[in-house]
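# A structural walkthrough
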Amino acid sequence: METSSIIFLLVSASLSFGVGRLIKYFLDKKRATKKDQLRQREQQALRDAPPEPESKNKSKRKRQLQQIDRSPKP
């Protein structure tokens, strides 16, 4: 192979690799953003959910009341 064709091969391979890594970086960034938004929506839905009805089981009702007392109030 000639020197110019080897250089062209190296340049094209490095450009291809660089473009591929750049695309992967932006896709991962976009995926992480969507995942974060989904997690925030899920947390908001849990905060906005109505409280569970009180249980008829005395021990379970105690645990529920203790859990409500421990939960942080905004």
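Anyway, here's the lowdown on the structure attached to this text. (Residues numbered from 1 in each chain as written. Predicted model: local features only at pLDDT ≥ 70, side-chain atom pairs only at ≥ 80, totals over all residues. Heavy atoms only, no water.)

### Brief notes about the overall build of the protein
What counts is decided by this rule: Where helices and strands are cited, they refer to DSSP runs of H or I of at least four residues and of E of at least two residues respectively, numbered from the N terminus. Here the radius of gyration uses the C-alpha set of atoms, whereas the globule reference equals 2.2 Å times the residue count to the power 0.38. Residue exposure (1.4 Å probe, protein chains only): buried if accessible area is under 20% of the type maximum, exposed if over 50%, otherwise partly exposed. Accessible areas in this description were obtained via Shrake-Rupley with a 1.4 Å probe; residue shielding takes into account the shown protein chains only.
When helices and strands are tallied, the protein shows two helices and zero strands. Here the protein has a C-alpha radius of gyration of 28 Å; the compact-globule value for 74 residues is 11 Å, and the former is much larger. Here the protein, with 74 residues, has 3% of them falling under the buried criterion. Here the protein displays about 7,500 Å² of accessible surface, and carbon together with sulfur accounts for 61% of that area.

### Concerning the side chain of Gln64
Note the threshold: What makes two residues a contact is simply this: any of their non-hydrogen atoms within 4.5 Å.
Note on placement: Gln64 falls in helix 2 (residues 58-70). Residue class for Gln64 comes out buried when judged on its relative accessible area of 16%. Discounting residues that sit within four places of it in the chain, Gln64 has contacts with Glu52, Pro53, Glu54 and Ser55.

### Structural notes on the packing of aromatic side chains
Under the convention used in this document: Each Phe, Tyr or Trp ring (for Trp, its six-membered ring) is paired with any other whose centre lies within 6.5 Å, and the angle between the two planes then decides the class: stacked below 30 degrees, edge-to-face above 60, tilted in between.
A complete count under the given rule lists one aromatic pair for this structure. Consider the rings of Tyr25 and Phe26, whose centres lie 5.3 Å apart with planes at 65 degrees: the pair is edge-to-face. We classify Tyr25 as partly exposed; its relative accessible area is 48%. Phe26 gets classed as partly exposed once you look at its relative accessible area, which sits at 47%.

### Here we look at the pattern of salt bridges
Here is the rule we go by: Throughout this description, the term salt bridge denotes a Lys or Arg side-chain nitrogen within 4 Å of a carboxyl oxygen of Asp or Glu.
Taken as a whole and judged by the stated rule, the model has three salt bridges. Among the ionic pairs, Asp28 bridges to Arg31, the shortest N-O distance being 3.1 Å. Placement of the pair is Asp28 and Arg31 together in helix 1 (residues 3-48), with a separation of three residues, close to one helical turn. Using a relative accessible area of 32% as the deciding quantity, one classes Asp28 as partly exposed. Take Arg31: its relative accessible area is 53%, and that puts it in the exposed class. In this structure, Arg39 and Asp36 form a salt bridge, with 3.2 Å as the shortest nitrogen-oxygen distance. Of this pair, Arg39 and Asp36 both sit in helix 1, separated by three residues, roughly a single helical turn. Its relative accessible area of 44% is what places Arg39 among the partly exposed residues. Here Asp36 falls in the partly exposed class, since its relative accessible area comes to 30%.

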